[in-house]
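Summary of the model geometry
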Amino acid sequence: MNEIKLSKILEKLKNKKIKFRFQGHDNILLTHPSNIENAADGSLCFYRGKDKNVLLDGPNNNNCFIVSNEISLEKHHKLNLIIVKNPDLAFCIASSLFIEKKEINIHSTVIIHPSAIIGENVSIGPYSVIEKDVIIGDNVEIGNNSNLKFCEIGEKSMIGSGVIIGSEPIGYQKCDDGTWLKRLIFKKVIINTHYINFCYLY
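Below is a summary of the structure that appears in this document. A quick note: this is a predicted structure, and the numbers were derived from the prediction, not measured.

This part takes up the overall build of the protein chain. Along the backbone of the protein chain there are three helices and 22 strands. When the 202 residues of the protein chain are sorted by exposure, 36% land in the buried category. A fraction of 34% describes how many contacts in the protein chain between residues 6 or more apart in sequence connect residues 24 or more apart. For the protein chain, the accessible area works out to roughly 12400 Å², and carbon and sulfur atoms hold 50% of it.

Right, here's the structure in full:
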């Protein structure tokens, strides 16, 4: 996991519009998120309870706790505290910084139609097919064995493995001479910043 400076976590919470109060030293390095029972040096933990003794017995100046603003706790020199309304939400946002970023790449087995538009920092898993008239925004992650056609995927979307999105013909029309013509679809499937897994969208 990444080693994160506490000041970076505070900055992340601010960027996410989380209101909080902070006490302690924001220059310490944290190494991992943890539950309260396993708090150790470098831990980032959260506590939603109101028993201040839990905090006084556990944390030290080498870790940080995200706690509820409902707890009655006097300022203590050894505690690094982020005090918020919703500790669970703040912890989820803060702990995401410890996750190693996946290497961005398009696997060598992926088939991409020349007309497709692929954004920056896009990752596409093995054996996926990106057909014509597809637009993929920046920072999109697409799993293995997925098939995308006649669609537009918004930035920061995640498409799971085995997903099929889009359909070119929606049927056929028989001509007087006995031949068949494709009945085309005239609207694209448009996805904006979502996670899609195990589904078919036409």
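There is more to say, and it comes next.
Next up on the list: the state of the cysteines. In the structure shown here, the tally under the stated rule is zero disulfides. No disulfide involves Cys 64; its sulfur sits 8.8 Å from the nearest other cysteine sulfur, which is in Cys 45.

This next bit is on the packing of aromatic side chains. Any aromatic ring pair is given by two values, namely how distant the centres are and how the planes are angled relative to each other. On inspection of all chains with the given rule, the structure shows one aromatic pair. Aromatic side chains Phe 46 and Phe 91 sit 4.8 Å apart centroid to centroid with 35° between the ring planes, which places their arrangement in the tilted category. Note that Phe 46 is positioned in strand β5 (residues 43-47) and Phe 91 in helix α3 (residues 87-95), a separation of 45 residues in sequence. According to the relative accessible area criterion, Phe 46 is partly exposed, its value standing at 21%.

Spatially, β2-β7-β6-β5-β4 is the arrangement adopted by the five strands of the open sheet, whose pairing is mixed. If you trace the sheet from one side to the other, it starts and ends with β2 (20-23) and β4 (32-33), each paired once. Bridging between β2 and strand β7 (residues 81-84) involves four bridges; their strand directions are antiparallel. Residue pairing in the sheet places Phe 22 in a bridge with Ile 82 of β7. Each of β2, β5, β6 (64-68) and β7 touches helix α1 (residues 6-15); the most contacted strand, β2, lies at about 170° to it. Contacts from α3 reach β4, β5, β6 and β7, with the element oriented near 160° to β5.

Turning next to the environment of Lys 52. You can see Lys 52 is positioned in helix α2 (residues 52-57). Put simply, Lys 52 and Ile 71 are 19 residues apart on the chain and 6.8 Å apart in space, counted from C-alpha to C-alpha. Apart from the residues lying within four places of it in its own chain, the contact partners of Lys 52 are Ile 71, Ser 72 and Leu 73.

Let us now look at α3. Buried within α3 are the following residues: Pro 87, Ala 90, Phe 91, Ile 93, Ala 94 and Ser 95. Where α3 is buried, its residues meet α1, β4, β5, β6 and β7.

Basis of the calculations
Residues numbered from 1 in each chain as written. Predicted model: local features only at pLDDT ≥ 70, side-chain atom pairs only at ≥ 80, totals over all residues. Heavy atoms only, no water. Helix = DSSP H or I, 4+ residues; strand = E, 2+ residues; numbered from the N terminus. Buried < 20%, exposed > 50% of the residue type's maximum accessible area, 1.4 Å probe, protein only. Contact = heavy atoms within 4.5 Å. Areas by Shrake-Rupley, 256 points an atom, 1.4 Å probe, with all protein chains shown as cover. Disulfide = S-S within 2.5 Å. Phe/Tyr/Trp six-rings, centres within 6.5 Å; stacked < 30°, edge-to-face > 60°. Pairing = 2+ DSSP bridges. Axes fitted to C-alpha atoms, helices over the stretch in contact; angles between N-to-C directions.

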